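Listed below, chain by chain, are the residues.
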Amino acid sequence: QVQLVESGGGLVQPGGSLRLSCAVSGSFLSINAMGWSRQAPGKSREWVATTTTGGRTSYADSVRGRFTISRDNAKNTVYLQMNSLKPEDTAVYYCNAGISLTTLTTNAYWGQGTQVTVSS
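What counts as what
All residue numbers here refer to positions counted from 1 along the written sequence of the relevant chain. Two thresholds apply to this predicted model, a pLDDT of at least 70 for residue-level local features and 80 or more for giving and counting side-chain atom pairs, whereas whole-chain, interface and lining totals are computed over all residues. With hydrogens and water stripped out, all remaining heavy atoms of the structure feed into the side-chain values. Think of it this way: a Phe, Tyr or Trp ring, Trp meaning its six-membered ring, pairs with another when their centres are within 6.5 Å, and the plane angle makes it stacked under 30 degrees, edge-to-face over 60, tilted otherwise. In this analysis the charged atom, NZ for Lys or CZ for Arg, is taken to sit over a ring once it is within 6 Å of the ring centre and within 35 degrees of the ring normal. Under the scheme used here, helices are H or I runs from DSSP no shorter than 4 residues and strands are E runs no shorter than 2 residues, and both carry numbers assigned from the N terminus. Here's how the labels work: a residue is buried when its accessible area is under 20% of the maximum for its type, exposed when over 50%, partly exposed in between, all with a 1.4 Å probe on protein chains only. When DSSP finds two or more bridges between a pair of strands, those strands are recorded as paired. Note on disulfides: each one is a pair of cysteine sulfur atoms within 2.5 Å. Between N-to-C directions, angles span 0 to 180 degrees; the directions come from axes that are lines fitted to C-alpha atoms, helices contributing only their stretch in contact. We define a nonpolar core as any set of buried Ala, Val, Leu, Ile, Met, Phe, Trp, Tyr and Cys residues linked to one another through side-chain atoms lying within 4.5 Å. Contacts between residues were defined by any pair of non-hydrogen atoms, one from each residue, lying within 4.5 Å.

Right, let's get into the packing of aromatic side chains. On inspection of all chains with the given rule, the structure shows 0 aromatic pairs. The aromatic ring of Tyr79 is capped on one face by Arg19, whose charged end is 4.0 Å from the ring centroid. The ring of Tyr94 has Arg45 sitting right over it, with the charged end atom 3.7 Å from the ring centre.

Here it is in structure tokens:
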């Protein structure tokens, strides 16, 4: 059973920083692309950032220059460093990963979400 477990959310003031982590556990062959999405109250889920196995990164325009995605392949973990946070960054943040269970089977997995609230 593959699981993604996020941590690091919380309450922060505007302009502050938070670092989210997402650890993958279970039995699998390999982890492919990993990423983060978020969902604010009353809105649809929004893609935030992605990192490939080779370390290439991409970002939504709304977070580029403020957020940094990274991964530690030895720890099966993806991170999201969030700086210069704004109230509009308030959302539940979800990590996701493409995980190969075998050479023939690759599935998308999601974490349970972690709340980030930016407020004074």
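Let us look at unusual backbone geometry. One non-glycine residue, Asn76, lies in the positive phi region at around 55°. Positionally, Asn76 belongs in the loop between strand E7 (67-72) and strand E8 (77-82). Positive phi is not limited to glycine here, since Ser84 has a value of about 50°. Its place among the elements puts Ser84 in the loop between E8 and strand E9 (91-100).

The subject of this paragraph is the pairing of strand E11 (residues 114-118). Of the two faces of E11, only one is covered, namely that formed by Thr114, Val116 and Val118; the face formed by Gln115 and Thr117 stays uncovered. Summarising the sheet, E9 and E11 pair through 3 bridges and their orientation is antiparallel. Considered in E11, the bridge of Tyr93 is made with Thr114.

In the structure shown here, the tally under the stated rule is 1 disulfide. Two residues, Cys22 and Cys95, share a disulfide whose sulfurs are 1.9 Å apart. An S-S torsion of about 45° defines the bridge between Cys22 and Cys95 as right-handed. Of the two residues, Cys22 is situated in strand E3 (residues 18-25) and Cys95 in strand E9; the sequence distance between them amounts to 73 residues. An identical accessibility class is assigned to Cys22 and Cys95; each is buried.

Spatial ordering of the open sheet is given by E1-E3-E8-E7, a layout of 4 strands whose pairing is antiparallel. In this open sheet, the two edge strands, each paired with only one partner strand, are strand E1 (3-7) and E7. Sheet twist, expressed as the mean angle between neighbouring strand axes with direction ignored, is 15°. Pairing between E3 and E8: 6 bridges, direction antiparallel. If you follow Ala23 over to E8, its bridge partner there is Thr77.

Here we take up the nonpolar core. A general trend in soluble globular proteins is that nonpolar side chains are found buried together. Counting 30 residues, the largest nonpolar core has Leu4, Trp36, Leu80, Met82 and Tyr93 as the members making the most contacts within it. Listed by contribution, the elements that provide at least two residues to this core are E3, strand E4 (30-39), strand E5 (46-51), E7, E8, E9 and E11. The element contributing the most residues to this core is E9, with 5 residues. Excluding anything up to four places from it in sequence, Leu80 contacts Leu18, Arg19, Leu20, Trp36, Val48, Ala49, Phe67, Thr68, Ile69 and Tyr93.

Looking now at the environment of Ala23. With respect to the secondary-structure elements, Ala23 resides in strand E3. Residue contacts for Ala23: discarding those within four places in its chain leaves Gln3, Leu4, Val5, Asn76 and Thr77.

Limitation: the analysis is restricted to geometry and does not speak to function.
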